[in-house]
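Below are the chains, spelled out letter by letter.
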Amino acid sequence: MNPHKPIDCEQALARIFEYIDHELHAHERAAMQAHLHTCKSCFSRAEFERRLKQKVATLRAGAMPEAQARLEKLIKSL
């Protein structure tokens, strides 16, 4: 990512997990935030991925054993 050039959707989606995990450098994070501020589609995708990650973390913690069992069964069936 060039810190002086706005990023497009393809670039944003390619780096979305690094953004969510706070692994981007400051200028990359700023470019991503600027894009998400103006692009409703990418913002929605980032929010979905962030919330999904939170739910999976909750399942790993064992807070919802019945949901964890359903998720594991679903994954095994793939």
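As a reminder, the structure under discussion sits directly above these lines.
What comes next is a walk through the structure. (Residues numbered from 1 in each chain as written. Predicted model: local features only at pLDDT ≥ 70, side-chain atom pairs only at ≥ 80, totals over all residues. Heavy atoms only, no water.)

**Describing the overall build of the protein chain**
- Within the protein chain, the regular secondary structure consists of five helices and zero strands.
- Counting from the amino terminus, helix and strand elements in the protein chain follow one another as α-α-α-α-α.
- Counting all 78 residues of the protein chain, 23% fall into the buried class.
- Partitioning the intrachain contacts of the protein chain with sequence separation of at least 6 by distance along the chain shows that 48% fall at a separation of at least 24. (Helix = DSSP H or I, 4+ residues; strand = E, 2+ residues; numbered from the N terminus. Buried < 20%, exposed > 50% of the residue type's maximum accessible area, 1.4 Å probe, protein only. Contact = heavy atoms within 4.5 Å.)

**Side note on a nonpolar patch on the surface**
- Residues Leu 71, Leu 74 and Ile 75 make up a contiguous nonpolar surface patch of roughly 260 Å² in combined accessible area.
- Looking at the element boundaries, Leu 74 is found in helix α5 (residues 65-77). (Patch = residues over 30% accessible without salt bridge, like charges linked within 9 Å, V, L, I, M, F, W, Y side chains within 5 Å. Areas by Shrake-Rupley, 256 points an atom, 1.4 Å probe, with all protein chains shown as cover. Salt bridge = Lys/Arg side-chain N within 4 Å of Asp/Glu carboxyl O.)

**Quick look at the nonpolar core**
- Of all hydrophobic cores here, the largest spans 12 residues; its members are Ile 7, Ala 12, Ile 16, Tyr 19, Ile 20, Leu 24, Ala 31, Met 32, Leu 36, Cys 39, Cys 42 and Ala 46.
- Of all elements in the fold, only α2 (16-20), α3 (26-38) and α4 (40-60) reach the threshold of two or more residues within this core.
- Discounting chain neighbours no more than four positions away, the residues touching Ile 16 are Met 32, Cys 42, Arg 45 and Ala 46. (Core = buried A, V, L, I, M, F, W, Y, C linked by side-chain atoms within 4.5 Å.)

**Remarks on the state of the cysteines**
- By the definition in use, this model includes zero disulfides.
- In this structure Cys 9 is not part of a disulfide, and its nearest cysteine sulfur, from Cys 39, lies 3.6 Å away. (Disulfide = S-S within 2.5 Å.)

**Thoughts on the pattern of salt bridges**
- One pass over the structure, following the stated rule, counts six salt bridges.
- For Arg 15, the salt bridge goes to Glu 18, with nearest N and O atoms at 2.5 Å.
- Across the pair Arg 45 and Glu 49 runs a salt bridge, and its minimum N-O distance is 2.9 Å. One end of the pair, Arg 45, and the other, Glu 49, are both in helix α4, four residues apart, so they sit about a helical turn from each other.

**Digging into the environment of Asp 21**
- Of note, Asp 21 is situated in the loop between α2 and α3.
- Accessibility expressed as a relative area gives 29% for Asp 21, which makes it partly exposed.
- Distance from Asp 21 to Lys 53, taken between C-alpha atoms, is 9.7 Å for residues 32 residues apart in sequence.

Shape is all these values report; function is a separate question.
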